[in-house]
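Listed below are the residues making up each chain.
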Amino acid sequence: MTFCLGINVEQGLVGIADTQVVAGNERLTAKKTATYQGPGFSFFVMNSGLRSLRDKILLYFEESFARESTVRDRLYKVVNLYAQQVRRAAEEDHGALARADLKFNPHALLGGQMAADSTHRLFLVYPEGNWVEIGADTPYQIIGASGFGKPILERSLNRKDSMVYAFKVGLLAFDATRLCAADVDYPMDVLLYSRGSFEMVEQRYERDDVRAISEWWQERMRRSVQELPAEWIEAAFPSCVSR
């Protein structure tokens, strides 16, 4: 399982990814993010799915991106180039994976800004090679374990929020997923891109770096539940509620 979260707010992009890879009985730590930047462009790719597919697709993409200088003006062209490599890997590996009862399941989040883009953008690429842009209506996307952190994001996040706020909400979504999904854990990789900067900031956080925040949030949630207006609840259980 994987947790990769991309958030697109007006100020910029926030990416959060876990680093746990489970192979048989082994648990490994490995990056699920890749960043690319140069004069007039900066973008990231985050992946979920089989590690072998991620590595092959990224290698094909890096070779193609180095050759195809004409795609470096718009991010959607980069996404199209990446999607071509997804289809190429599918043609090569889909049959062998199916015979081994494995799914061709690579999903990717690709976000950043190219020279001719008016602003930063975030895209979701499916295993079939088609893609959608993550826009203002729902300014985030999770690939991998999506169910546990989604309620926090749905209740708390909108397009006009600051990057700092988006990172805080994303951290809480990661923490909720880590508690519920056995294969999602620290270290946590964070990517930050400010609109028009063409510079990607990368940071890795260990469990101890954010332990105090996790504990604070857990205590605050318990306190909030205790403080919920409860007259109708108490009326429903009159013999069970101590006064």
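See above for the structure.
Anyway, here's the lowdown on the structure attached to this text. (Residues numbered from 1 in each chain as written. Predicted model: local features only at pLDDT ≥ 70, side-chain atom pairs only at ≥ 80, totals over all residues. Heavy atoms only, no water.)

1. Structural notes on empty space enclosed by the protein
Inference 1: Counting across every chain of the model gives one cavity of 30 Å³ or more.
Inference 2: Its volume calculated, the largest cavity comes out at about 30 Å³.
Inference 3: What lines the largest cavity is Leu171, Leu172, Asp175, Tyr186, Val210, Ile213 and Ser214.
Inference 4: At the level of elements, helix H4 (163-180) and helix H5 (207-226) are the ones that each hand at least two residues to the lining of the largest cavity.
Inference 5: For the lining of the largest cavity, the residue count by class is five nonpolar, one polar and one charged. (1 Å grid on protein atoms, 1.4 Å probe; cavity = no way out; pocket = protein on both sides within 12 Å on 5 of 7 lines; lining within 4 Å. Points joined across faces, edges and corners; volume = space filled by probe spheres on them. Helix = DSSP H or I, 4+ residues; strand = E, 2+ residues; numbered from the N terminus. Nonpolar A, V, L, I, M, F, W, Y, C, P; charged D, E, K, R; others polar.)

2. Section: the packing of H4 against H5
A pair of packed helices is captured by two measures, namely the crossing angle of their axes and the spacing between those axes.
Inference 1: Where H4 contacts H5, the axes come no closer than 11 Å and their chain directions differ by 90°. In terms of their interaxial angle, H4 and H5 are classed as roughly perpendicular. Mapping the contact onto sequence places Leu171, Leu172, Asp175 and Arg178 in H4 and Arg207, Val210, Ile213, Ser214 and Trp217 in H5.
Inference 2: When its residues are assigned to classes, the contact of H4 with H5 shows five nonpolar, one polar and three charged. (Axes fitted to C-alpha atoms, helices over the stretch in contact; angles between N-to-C directions. Parallel < 35°, antiparallel > 145°, perpendicular 65-115°, else oblique. Contact = heavy atoms within 4.5 Å.)

3. Considerations on H4
Inference 1: For H4, with 18 residues, the first-to-last C-alpha span of 26 Å sits near the 26 Å given by 1.5 Å per residue.
Inference 2: Within H4, burial applies to Met163, Ala166, Val169, Gly170, Leu171, Leu172, Ala173, Phe174, Asp175, Ala176, Thr177 and Arg178.
Inference 3: Packed against the buried residues of H4 are strand S1 (3-9), strand S2 (12-18), helix H3 (150-156), strand S11 (188-194) and H5. (Expected span 1.5 Å × (residues − 1). Buried < 20%, exposed > 50% of the residue type's maximum accessible area, 1.4 Å probe, protein only.)

4. With respect to the sheet that holds strand S6 (residues 41-48)
Inference 1: Strand order in the open sheet formed by five strands is S5-S6-S7-S8-S9, with antiparallel pairing between adjacent strands. In this open sheet, the two strands that pair with only one neighbour each are strand S5 (33-38) and strand S9 (131-133). Across this sheet, the average inter-strand angle for adjacent strands is 15°, counted without regard to direction.
Inference 2: With six bridges connecting them, S5 and S6 associate as antiparallel partners. Residue pairing for S6: Gly38 is matched across the bridge by Phe41.
Inference 3: Together, S6, strand S7 (107-114), strand S8 (121-125) and S9 form the strand contacts of helix H2 (residues 75-99), whose direction differs from that of S7 by roughly 155°. (Pairing = 2+ DSSP bridges.)

5. Structural notes on the nonpolar core
Inference 1: Membership of the largest hydrophobic core comes to 27 residues, with the highest contact counts inside it found for Phe43, Phe65, Val78 and Tyr82.
Inference 2: Listed by contribution, the elements that provide at least two residues to this core are S5, S6, helix H1 (51-67), H2, S7 and S8.
Inference 3: Here the element with the most residues in this core is H2; it accounts for 10 residues.
Inference 4: When neighbours within four sequence positions are excluded, Val78 is seen to be in contact with Phe43, Phe61, Phe65, Val71, Leu110 and Met114. (Core = buried A, V, L, I, M, F, W, Y, C linked by side-chain atoms within 4.5 Å.)

6. Some points on the packing of H1 against H2
Inference 1: Put simply, H1 and H2 touch, their axes get as near as 9 Å, and they point 140° apart. Classified by the angle between their axes, H1 and H2 sit oblique to one another. In the packing of H1 onto H2, the handedness of the crossing is right-handed. The residues of H2 that touch H1, namely those facing Leu53, Lys56, Ile57, Leu58, Tyr60, Phe61, Ser64 and Phe65, are Val78, Leu81, Tyr82, Gln85, Val86, Arg88, Ala89, Glu92, Asp93 and Leu97.
Inference 2: Looking at the contact of H1 with H2 residue by residue, the classes come out as 12 nonpolar, two polar and four charged. (Left-handed = near helix turned anticlockwise from the far one by under 90°.)

7. A look at the sheet that holds strand S10 (residues 140-144)
Inference 1: Reading across the sheet, the five strands line up as S10-S1-S2-S11-S12 and stay open at both edges, with antiparallel pairing between neighbours. Where the open sheet ends on each side, the last strands, each with one partner, are S10 and strand S12 (200-205). Going from strand to strand, the sheet's axes swing by 10° on average, the running direction of each strand aside.
Inference 2: One ladder, built from seven bridges, connects S2 with S11; its direction is antiparallel. If you follow Asp18 over to S11, its bridge partner there is Met188.
Inference 3: Along the sheet, H4 contacts S1, S2, S11 and S12; its crossing angle with S2, the most-contacted strand, is approximately 20°.

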